[in-house]
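Examining the three-dimensional arrangement
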Amino acid sequence: MINNSLRFDFITNSVVQDVTSLDSKNFHVNLLGGKNLTFDRFTITAPGDSVNTDGIHIGHSNGINIINSNIATGDDCISIGGASEQIRITNVRCGHGHGISVGSLGKTTDEFVSGIFVRNCTFYDTDNGVRIKTWPALHGGMASDMHFEDIMMKNVRNPIIIDQMYCPWNQCNPKLPSKVKISNVTFKNIRGSSATAVAVRLNCSSSFPCQKVELADINLTYRGKEGPVKSLCANVKPTLKGKLTPTIC
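First, a word on scope: everything that follows refers to the structure included in this document. Source: prediction; values computed, not measured. (Residues numbered from 1 in each chain as written. Predicted model: local features only at pLDDT ≥ 70, side-chain atom pairs only at ≥ 80, totals over all residues. Heavy atoms only, no water.)

**Remarks on the overall build of the protein**
Quick note on the threshold: Numbering of helices and strands runs from the N terminus, with a helix taken as a DSSP run of H or I at least four residues long and a strand as a DSSP run of E at least two residues long. Our radius of gyration is a C-alpha quantity, and the globule rule it is checked against amounts to 2.2 Å times the number of residues to the power 0.38. Should any heavy atoms of two residues lie within 4.5 Å, those residues are counted as being in contact. Here the open area of atoms and residues is found with the Shrake-Rupley method and a 1.4 Å probe, where only the protein chains shown may cover a residue.
Along its length, the protein carries zero helices and 18 strands. The globule rule puts the C-alpha radius of gyration for 249 residues at 18 Å, and the 17 Å found for the protein is close to it. With respect to the principal axes defined by its C-alpha atoms, the protein has extents near 45 × 35 × 30 Å. Relative to all contacts within the protein whose residues are 6 or more apart in sequence, the contacts with residues 24 or more apart total 73%. Per element, the accessible surface of the protein, about 11,000 Å² overall, is 48% carbon and sulfur.

Here's what the structure looks like:
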């Protein structure tokens, strides 16, 4: 049995606010089948090394707002699973876990995600900042219309990352490309510090290269021993606008 602290199943037209969750055994909040639901002023805390303690996990939901919250866990602050649309995350502070993730997608079935908006958020000491992740080799689907804007990174290992070779614990064949199609993605006004030299990593599928990816006004610095700050890209030709540090692709 999965020990989630709070479950919200098929809740519609509601506001949940002023909730604190501490040291959940698994997901702090699991949301399934929600529609027009707002989470406001959530405080979620777990140790940075605690396994699978996602702050808020969203699946099969539409019209979800997460606002004015502080989430520090050992896994994703917020994870957005398949069949989720019109998800808006605003003014969230995310700490010492895996950041905000769309996915992972394509492991067990074709999955579709669209209309993701992450704005005015801060990440500190996380493994990832804003991340889109899909499994290689397995199922297909589509992730589109995803926008990450006005974001501050503080000592984040992978501030901007698309990972279409997500394959932890060797649960798939990493040599076969992902079948999930990613399109219409913007990263805009993202600034701060990277904990590694590779501040931007766009690793798209060789079978279905990412389409319509835009980066604008990126300013990410690195002051460690691995050399100058840089980006790594595969199977994507992004549109570039404004001032960009590091140089993209």
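**Comments concerning the nonpolar core**
Using the following cut-off: Among buried residues, the Ala, Val, Leu, Ile, Met, Phe, Trp, Tyr and Cys ones that are joined through side-chain atoms within 4.5 Å form a nonpolar core. Whether a residue is buried, partly exposed or exposed follows from its accessible area with a 1.4 Å probe, protein chains only, as a fraction of its type maximum: under 20%, in between, or over 50%, in that order.
In this structure, Phe39, Ile78, Ile89, Phe148, Phe187 and Ile190 are the most contacted members of the largest nonpolar core, which totals 55 residues. Top element by residues in this core is strand E12 (residues 140-156). It accounts for six residues. Once residues lying within four places of it in the same chain are set aside, the contact partners of Ile78 are Ile56, Ile58, Ile66, Ile71, Ile89, Val92, Gly99, Ile100 and Ser101.

**Side note on the sheet that holds strand E17 (residues 230-234)**
So the rule is basically this: A pair of strands is labelled paired if DSSP reports no fewer than 2 bridges between them. Axis angles are defined between N-to-C directions and span 0 to 180 degrees, where every axis is a line fitted to C-alpha atoms and, for a helix, only to the segment in contact.
The sheet built from nine strands is open, its strands ordered E1-E3-E5-E7-E9-E11-E13-E15-E17 with parallel pairing. Of all the strands in the sheet, just strand E1 (6-9) and E17 have a single pairing partner and so form its edges. When the angles between neighbouring strand axes are averaged without regard to direction, this sheet yields 10 degrees. By the bridge criterion, three bridges tie strand E5 (residues 56-59) to strand E7 (residues 78-80) in an arrangement that is parallel. Each residue of the ladder has a partner; that of Ile56, found in E7, is Ile78.

**Brief notes about the layout of surface pockets**
For clarity, the threshold we go by: With a 1 Å grid laid over protein atoms only, a set of points is called a cavity when a 1.4 Å probe fits there but cannot get out and a pocket when it is open yet has protein on both sides within 12 Å along at least five of seven lines; lining residues have an atom within 4 Å of a point. Grid points are joined across faces, edges and corners, and a volume is the space filled by probe spheres set on the points.
Taken as a whole, the largest pocket encloses approximately 920 Å³ of empty space. Taken together, 40 residues form the lining of the largest pocket, with Phe27, Asn52, Asp54, Ser104 and Lys133 sitting closest to its centre.

**What about the packing of aromatic side chains?**
Heads up, the condition is: Geometry of aromatic contacts follows a simple scheme: Phe, Tyr and Trp rings, the Trp one being its six-membered ring, pair when their centres are within 6.5 Å, and the pair is stacked under 30 degrees between planes, edge-to-face over 60, tilted otherwise.
Going through the model one piece at a time under the given rule, you end up with four aromatic pairs. Seen in terms of ring centroids, Phe8 and Phe39 are 5.3 Å apart; in terms of plane orientation they differ by 80 degrees. Their pairing is edge-to-face. In this pair, Phe8 sits in strand E1 while Phe39 sits in strand E4 (residues 35-45), placing the two residues 31 residues apart along the sequence. Like Phe8, the residue Phe39 is buried in the burial classification. Relative to Phe187, the ring of Phe148 lies with its centre 5.3 Å away and its plane at 10 degrees, an arrangement referred to as stacked. Of this pair, Phe148 sits in strand E12 while Phe187 is found in strand E14 (residues 179-194), placing the two residues 39 residues apart along the sequence. Since its relative accessible area comes to 1%, Phe148 is described here as buried. By relative accessible area, which is 1% here, Phe187 ends up buried. Three or more aromatic residues joined by ring pairs form one cluster here, namely Phe8, Phe39 and Phe42.

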